[in-house]
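Okay, here's what each chain looks like letter by letter:
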Amino acid sequence: EAGVVQSPRYKIIEKKQPVAFWCNPISGHNTLYWYLQNLGQGPELLIRYENEEAVDDSQLPKDRFSAERLKGVDSTLKIQPAELGDSAVYLCASRQGDNEQFFGPGTRLTVL
Amino acid sequence: AQSVTQLGSHVSVSEGALVLLRCNYSSSVPPYLFWYVQYPNQGLQLLLKYTTGATLVKGINGFEAEFKKSETSFHLTKPSAHMSDAAEYFCAVSDLGNQFYFGTGTSLTVIP
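How each quantity is defined
Per chain, the residues get numbers from 1 upward, laid out in the order the sequence is written. Chain A is the first chain written and ligand 1 is the first ligand written, with later ones labelled in order. Whole-chain, interface and lining totals are the exception, using all residues; otherwise, since this is a predicted model, local features are given only for residues with pLDDT of at least 70 and side-chain atom pairs are given and counted only at 80 or more. Side-chain numbers come from the whole structure's heavy atoms, not from hydrogens or water. Secondary structure elements follow DSSP: runs of H or I of four or more residues count as helices, runs of E of two or more count as strands, with numbering from the N terminus. For every residue, the accessible area obtained with a 1.4 Å probe (protein chains only) is divided by the maximum for its type, and the residue is called buried under 20%, exposed over 50%, and partly exposed between those limits. Strand pairing requires that DSSP identify at least two bridges connecting the strands. The angle between two axes is taken between their N-to-C directions and runs from 0 to 180 degrees, where each axis is a line fitted to C-alpha atoms and a helix contributes only its stretch in contact. By nonpolar core is meant a set of buried Ala, Val, Leu, Ile, Met, Phe, Trp, Tyr and Cys residues that side-chain atoms within 4.5 Å join together. Only heavy atoms enter the contact rule, under which two residues are in contact if any of them lie within 4.5 Å. A 1.4 Å probe defines the accessible area here, and the buried area is the portion of it lost by two parts on being joined, summed over both. Take a side-chain nitrogen of Lys or Arg and a carboxyl oxygen of Asp or Glu: if they are within 4 Å of each other, that pair is a salt bridge. Polar contacts, as counted here, are pairs of nitrogen or oxygen atoms within 3.5 Å of one another; within protein the pair requires one atom able to donate a hydrogen and one able to accept it, and residues that are adjacent in sequence qualify only if both atoms are side-chain atoms.

Looking at this model, I keep getting lost on the environment of Ala17(B). Mind explaining?
Residues and elements named next belong to chain B. Examined against the element boundaries, Ala-17 turns out to sit in the loop between β2 (10-14) and β3 (19-21). Given the relative accessible area of 27%, Ala-17 is considered partly exposed. C-alpha of Ala-17 to C-alpha of Lys-69: the two residues are 52 residues apart in sequence and 27 Å apart in space.

Mind showing me how you'd approach the sheet that holds strand β1 (residues 5-7) of chain A here?
Sheets are built from strands that pair by backbone hydrogen bonding, the pairs being arranged parallel or antiparallel. All names here are of chain A. With antiparallel pairing, the four strands of this open sheet are ordered in space as β1-β3-β8-β7. Of all strands in the sheet, those with a lone pairing partner are β1 and β7 (65-68), marking the two edges. Ignoring which end each strand starts from, the neighbouring axes of this sheet average 15 degrees apart. Examined bridge by bridge, β7 and strand β8 (residues 75-79) share four bridges and lie antiparallel to one another. Paired with Ala-67 across the strands is Leu-77, a residue of β8.

Explain the nonpolar core to me, please; I cannot follow it from the model alone.
Where a protein is soluble and globular, its nonpolar side chains tend to be buried together. Residue and element names in this part refer to chain B. Ranked by internal contacts, the top residues of the largest apolar core, which has 26 residues, are Trp-35, Leu-48, Phe-74, Leu-76 and Tyr-89. Secondary-structure elements contributing two or more residues to this core are β2, β3, β5 (32-38), β6 (44-50), β8 (64-68), β9 (73-78), β10 (87-94) and β12 (106-111). The greatest single-element share of this core, amounting to four residues, is contributed by β10. Apart from residues no more than four positions distant in its own chain, Tyr-89 is found in contact with Gln-6, Leu-21, Trp-35, Tyr-36, Val-37, Leu-47, Phe-63, Leu-76, Gly-105, Thr-106 and Leu-108.

Which parts of the structure should I look at to understand the interface of chain A and chain B?
It is common to give the size of an interface as the accessible area lost on bringing the parts into contact. With 22 residues of chain A at the interface, the matching set in chain B holds 18 residues. Roughly 1,500 Å² of surface becomes buried between chain A and chain B when both sides are summed, with 45% attributable to carbon and sulfur atoms. The interface formed by chain A and chain B contains one salt bridge. A salt bridge links Glu100(A) to Lys49(B); the nearest nitrogen and oxygen atoms lie 3.1 Å apart. The interface formed by chain A and chain B holds five residue pairs in polar contact (both at pLDDT 80 or more) in total. Breaking the side of chain A that touches chain B down by element, the ones donating at least two residues are β4 (31-37), β5 (44-50) and β9 (88-95) of chain A. Broken down by element, the side of chain A that touches chain B gets its largest block of residues, three residues, from β4(A).

Here you go:
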């Protein structure tokens, strides 16, 4: 069974440019999470989806960040415009029921 | 609210020695507790979890952890460290499995 797929794995952009990350969760997993992981830190939740509904986006900086999961399967996280402080790893995870989360390999963003 | 404290951001042990990584949590509800391992440039992988029942839980790669409610702790141990155990370890707490809160991580170095 394929795991959580994320692309791209690495992205380098200049500040003020837009960027988008894509996540395909494990088949059948209703819950999808986007996390931000800064260097030397644990993951911090950005947004959680239950199917296509964003049930927790309280930590998402809505002035520049947006996310969607239109058909309740794969999801896109966008930053526009990117700032230097957005350099980090963006992790996607999925989950089914009360089971544990499964994480993708992450997208490492570098903003110059 | 839930939170996690991992004591010691860096731990070094000799190969074959006991591994002890400390985790204390706070939770307003009976917690679900997790330990994840992260290798460089990879996502997080579940080592073990506690939800209910037996307080001593065994995970993959010879790791185990004990839930001690009186001490609000969930320390991770392994009797004999192997070189392949060198990685970043994250403790996480969940409120009945929906929202996950991660510690800041402990980097384990294994000295040959």
